Each structure stands twice: as C-alpha cells, then as structure tokens.
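# Chain and residue survey
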Amino acid sequence: MSAYLVASRYALLAMAKNRLAAVLLIAFIPMWITVAKTLTTPKTFPFRLRATGTWLRAGGDEITMISGSLNAVSLLVGFLMFSAARRTRAFDRRLTASGYPRAALIGAKLTTLLVASVLVSAYATAWMLLFWTPLQPFLLGIAVLAICLVYGAMGMCLALFLRGEVEGLVTIIMTSIIDLAPQNPVASTAADRALVELLPGYGSLQTSLAAGFTRNATVSPLIHSALWLTAMMTTALAAFALRTRNHRTPRRRRAPS
Amino acid sequence: MVLRVTAVRKAFGSRQVLRGVGFEARAGQLVGIVGENGAGKTTLLRVLSGDLRPDDGRVELAGTWGYCPQHPVLDEELTVRQHLRLFQVAYRLPDLGRALRLIDALSATGYLDTPAKVLSGGTLQKLNLVLALMHDPEVVLLDEPYQGFDWETYLRFWDLAQELKGRGRTVIIVSHLAHDTGRLDVLHHLRDGLLDPSPPADPA
C-alpha cells in the first residue's frame with residue numbers, strides 16, 4: 001500500500017474515533033435544523049439577494065434553517081479538522097523526520113478534509129430536505145459543502161497557534177456566529193452591506209439562498225468561498241512544510257573523515 | 001568514527017544552551033551524556049537528530065540513525081501496530097519482523113492492537129523506543145530512554161543496548177541520572193553548555 005493510502009486510512013480511522021464530533025453530527029445537526037424550522041416564524045420576509053441583486057420572498061423558518069445548518073456544519077467540520085491537526089502536530093514532525101513522504105501526509109490531510117466535508121454536508125443537506133423542498137437541492141448541497149471545506153481549512157489554520165481543544169472549539173463557534181449572524185436576512189439589517197462579502201460564509205449563504213428560492217444557477221458567490229479556502233489551505237500547508245523541515249534524514253549517509 | 005560533533009552552539013533568545021559542545025563516537029560504542037535538569041541534554045540530542053539546526057558548529061553522522069525523544073511522540077488515536085506500519089513506510093522496510101521482535105523483547109506484544117491513548121506510561125515509552133530502533137540504525141540517539149520502565153524492562157533495555165553494541169551500532173544515551181554508568185564505554189557530563197569527558201565508573 002502506498003504511503004498516501006496508509007496515511008489517509010489511518011487519518012480517517014482516527015477522525016472517526018472523535019466522539020464529541022460524532023455526537024455533534026448525529027444529534028446537534030438534526031436538532032438545530034428541527035428547531036430552526038419548527039420554532040421560527042414561517043412568515044415571509046422580503047430580502048435582496050446580494051449576489052444577483054434580485055428581490056426574493058422566503059419564509060423566516062426556511063431562511064433560519066439554512067443559516068442554522070451552515071452554522072452547525074461549519075463548526076463541526078472546523079472542530080474535526082482542528083482536533084486532527086492539533087493531535088498530529090508533533091507526530092507528523094517525527095514521521096517526516098523519519099523519512100515519511102511529506103506529500104503523502106499532505107495528501108492524507110486533504111483527503112480527510114474532503115471526506116469529512118462531503119459526509120457532513122450530505123448529512124445536513126439530507127436533513128434539510130426532510131423539512132423543505134428547495135428549488136435546486138444539488139446547488140444547496142454544493143453550498144453546504146463549500147462552507148464545510150472553508151471551516152475545515154480554518155480549523156487546520158487555528159491549530160497552528162491554539163493549543164487546547166476547548167480554545168479551538170470556542171474560537172470556531174464564535175467565528176461561525178460572527179460570520180453568519182450579520183448575513184441572515186431575517187435577523188440582521190446589515191445583511192445587504194458590502195462588508196458581508198468579506199465574510200468566510202458569504203459564498204455559501206448566498207448560494208444556499210439562491211438554491212432555495214430561485215431557479216438561477218448562481219455559483220459566482222462560491223468564488224469567495226474558493227478564495228477563503230485557498231488562503232487558509234495555503235497557510236496551513238505552508239506552516240506544515242515549514243514545521244516538518246529536518247536538517248538530516250535517517251537514510252542519508254555522510255561519513256566523517 | 002561514525003559521529004563527530006564539533007563546537008556546536010545553540011541559543012534560545014539570549015539563553016545560550018550549548019556553548020561549543022564537541023565529542024566523537026565510534027562504531028560499537030555506548031556513549032552516555034548526563035547532566036542536571038535544564039543542562040541542555042535534550043537540545044543537544046535534537047541538534048544531533050537534525051530536529052534543530054545549530055547556530056554554529058558541525059554534526060557529522062555516518063549512516064542511518066534513529067531518535068527516541070524524551071516524551072513519547074505518538075498519535076494517541078492509533079494502535080501500536082498502526083504506529084509500526086506508518087514507520088515501516090517511513091523507513092522503507094520490507095516487513096515488520098524486527099519491529100515485532102523488539103516489541104516482544106520489551107514484553108509489549110499484548111498491546112499491539114491497543115490505541116496509544118489507553119497505554120500506560122511505560123508501554124508508551126516502549127513503543128517510543130521501538131520506533132527509533134525498528135530500522136536497525138547505525139547510530140541510535142536515546143533521550144531518557146528507560147523512564148517509566150519497570151525493573152525487568154529496564155534490564156531488558158540494557159540487554160538490547162549491549163546487543164546493539166555487539167553488532168557495531170553506536171548508542172548515545174542522554175540521562176539526568178548518572179547511575180549504571182558502568183555499562184557505558186564513554187561518559188560525558190554536560191555542564192554550563194559544555195561537555196566534560198570523564199571515565200565510566202566501575203561496574204556495580
């Protein structure tokens with residue numbers, strides 16, 4: 001089995017043992033979606049979809065469910081990736097110093113992020129579809145996947161300078177709230193301000209709203225998500241490459257004279 | 001000479017930890033480096049393993065090496081066998097024969113499928129040590145290698161060290177304790193960032 005396959009297999013096995021993340025996935029996501037859909041007003045609200053400039057009307061419960069789902073999946077994948085990156089920080093260094101190919105470990109990390117994001121986003125989207133029929137369910141799934149990837153990469157970045165698991169979890173929760181609350185057209189009057197375009201969840205929320213309430217395949221907001229993902233992934237991988245530098249590998253020979 | 005360390009200096013900020021350390025080691029030698037807590041022993045071993053770059057000086061090391069860090073550096077979620085498998089890939093070993101023999105010699109075979117997070121401190125240290133020895137390196141760098149070992153395992157460790165020496169391997173052992181120095185061929189004291197060579201004590 002190749003170095004990449006061994007590393008990916010073990011990284012996924014280790015991630016699957018994260019009990020807190022499993023509880024959050026199984027219980028927290030359905031709970032959030034159910035609460036948002038059943039306890040929020042179904043009264044319709046007019047709002048302008050910033051990505052297209054068009055005015056839409058949608059139920060407060062549906063808008064809140066979308067925003068709540070993005071909130072839940074972002075903190076879950078962010079925490080999963082933070083936890084994995086923090087746990088393996090010193091071990092990766094030892095493995096690479098012993099000769100493990102760094103590209104294989106990087107490939108395993110990207111695979112873990114992708115698998116976790118696909119699973120969590122598919123699960124959350126499926127729960128939303130139980131309560132509601134968006135006009136473009138596939139695009140909704142893509143939007144949820146995008147925020148999972150962005151927050152997963154953010155979790156890997158946070159592990160560079162936050163030591164404790166609780167510190168990481170709290171930071172990710174606060175970031176997700178600060179990110180999504182001002183963008184929710186029901187809860188915030190600032191949802192249409194230009195500044196919201198800078199937020200990491202902008203691409204996903206705009207695309208989710210477009211997927212839910214229009215027939216336009218609006219994917220341009222996802223460019224914002226792609227930029228956030230690239231910036232954070234580059235930071236995390238550059239830090240990994242820097243930290244796993246070794247001045248001598250166990251297989252090099254240099255005989256003293 | 002398989003290891004030659006010349007005038008190695010290393011500082012962390014304004015604190016000069018190593019101030020020109022130099023020593024040599026030949027094939028088949030057991031070399032001890034002792035010093036008080038904070039004397040710079042771990043820093044020296046990290047420089048020798050390539051984990052840290054010295055500010056000045058040279059480390060010349062011939063052949064393969066294995067490094068056992070002071071605190072077990074493992075992935076708590078993985079089992080002992082999974083650790084061995086990862087390091088088999090890292091060292092490009094065709095099989096796990098030697099690793100499993102070492103695990104057996106240290107009486108840890110019963111823990112092969114146990115995740116690291118539930119292992120005792122002593123068993124973690126056994127795995128930590130095996131990961132440094134499983135590719136049969138020519139130079140072995142061990143930082144407090146027997147901490148947490150029970151008496152039986154401690155004795156087996158020294159049997160293992162003698163076996164390595166007998167096969168021409170060089171073993172560098174760093175410790176804050178200067179007991180059992182009779183088992184060593186050379187003993188150095190690290191004081192104030194410099195090494196004082198001293199003859200080994202008589203075997204007890």
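See the structure printed just above.
Residues numbered from 1 in each chain as written. Chains lettered and ligands numbered in written order. Predicted model: local features only at pLDDT ≥ 70, side-chain atom pairs only at ≥ 80, totals over all residues. Heavy atoms only, no water.

Right, let's get into the overall build of chain B. A tally of regular secondary structure across chain B gives 5 helices and 9 strands. Its C-alpha atoms give chain B a radius of gyration of 17 Å, near enough to 17 Å, the size a compact globule of 204 residues would have. Projected onto the principal axes, the alpha-carbon positions of chain B cover approximately 45 × 40 × 30 Å. Split into buried and exposed, the 204 residues of chain B put 58% on the buried side. Summed over its atoms, the accessible surface of chain B is roughly 8,400 Å², and 49% of this surface lies on carbon and sulfur atoms. One way to put it: in chain B the 23 positive side-chain charges average out to a point 4 Å from where the 25 negative ones average out. (Helix = DSSP H or I, 4+ residues; strand = E, 2+ residues; numbered from the N terminus. Rg over C-alpha atoms; globule rule 2.2 N^0.38 Å. Buried < 20%, exposed > 50% of the residue type's maximum accessible area, 1.4 Å probe, protein only. Areas by Shrake-Rupley, 256 points an atom, 1.4 Å probe, with all protein chains shown as cover. Lys, Arg positive; Asp, Glu negative; His and termini not counted. Charge placed at Lys NZ, Arg CZ, Asp CG, Glu CD.)

Residue and element names in this part refer to chain A. A contiguous nonpolar surface patch, about 460 Å² in accessible area, is contributed by V166, V170, M174, I177 and I178. Relative to the helices and strands, I178 resides in helix α7 (residues 165-180). With relative accessibility at 55%, the residue I178 sits in the exposed group. (Patch = residues over 30% accessible without salt bridge, like charges linked within 9 Å, V, L, I, M, F, W, Y side chains within 5 Å. Salt bridge = Lys/Arg side-chain N within 4 Å of Asp/Glu carboxyl O.)

Moving on, we come to the sheet that holds strand β2 (residues 15-25) of chain B. Residue and element names in this part refer to chain B. Strands sit in the order β2-β1-β4 across an open sheet of 3 strands; the sheet is antiparallel. Pairing within the sheet leaves two strands with one partner each, and these edge strands are β2 and β4 (56-61). This sheet shows a mean twist of 20 degrees between the axes of neighbouring strands, independent of strand direction. Pairing between strand β1 (residues 3-12) and β2: 8 bridges, direction antiparallel. Bridged to L3 within β2 is A25. Along the sheet face, helix α1 (residues 41-49) touches β1, β2 and β4 and points at about 60 degrees away from the line of β2. (Pairing = 2+ DSSP bridges. Axes fitted to C-alpha atoms, helices over the stretch in contact; angles between N-to-C directions. Contact = heavy atoms within 4.5 Å.)

Counting residues in each nonpolar core, the largest one holds 57 residues, and the members touching the most others are A:I29, A:F47, A:V73, A:L209 and A:F213. Ranked by residue count, the leading element in this core is helix α6 (residues 137-158) of chain A, at 14 residues. In this view, A:I29 contacts A:L24, A:A72, A:V73, A:L76, A:V120, A:Y123 and A:A124; residues no more than four positions away in its chain are not counted. Judged by nonpolar contacts, the second largest core, of 55 residues, contains A:L105, B:V34, B:L74 and B:V80. (Core = buried A, V, L, I, M, F, W, Y, C linked by side-chain atoms within 4.5 Å.)

With that settled, consider the pairing of strand β6 (residues 139-143) of chain B. All names here are of chain B. Most of β6 is tucked away: 5 of the 5 residues are buried. Burial along β6 is two-sided: the residues V139, L141 and D143 and V140 and L142 are all buried. In terms of strand pairing, strand β5 (residues 65-68) meets β6 through 4 bridges, oriented parallel. Looking across to β6, one finds that C68 is bridged to L142. In the sheet, β6 pairs with strand β7 (residues 170-175) via 5 bridges, with the strands oriented parallel. Pairing of V139 across the sheet is with T170, part of β7. What joins β6 to β7 is helix α5 (residues 151-166), and the crossover it makes is right-handed. (Right-handed = clockwise from strand over helix to strand, strands pointing away.)

The next subject is the interface of chain A and chain B. Accessible area lost on assembly of the parts is the figure often given for the size of an interface. Contacts between the two partners involve 32 residues from chain A and, on the opposite side, 42 residues from chain B. A combined buried area of about 3,200 Å² lies between chain A and chain B, and 54% of that area is made up of carbon and sulfur atoms. At the junction of chain A and chain B, the tally comes to 2 salt bridges. A salt bridge links B:D75 to A:R87; its shortest N-O distance comes to 2.7 Å. For the pair chain A and chain B, the number of links is 7 residue pairs in polar contact (both at pLDDT 80 or more). Those elements that provide at least two residues to the side of chain A that touches chain B are α1 (3-16) and α4 (89-97) of chain A. A per-class count over the side of chain A that touches chain B returns 16 nonpolar, 7 polar and 9 charged. (Buried area = accessible area lost by both parts, 1.4 Å probe. Polar contact = N/O pair within 3.5 Å; in protein donor to acceptor, adjacent residues only side chain to side chain. Nonpolar A, V, L, I, M, F, W, Y, C, P; charged D, E, K, R; others polar.)

In short, the description is geometric, and any link to function would need to be established separately.
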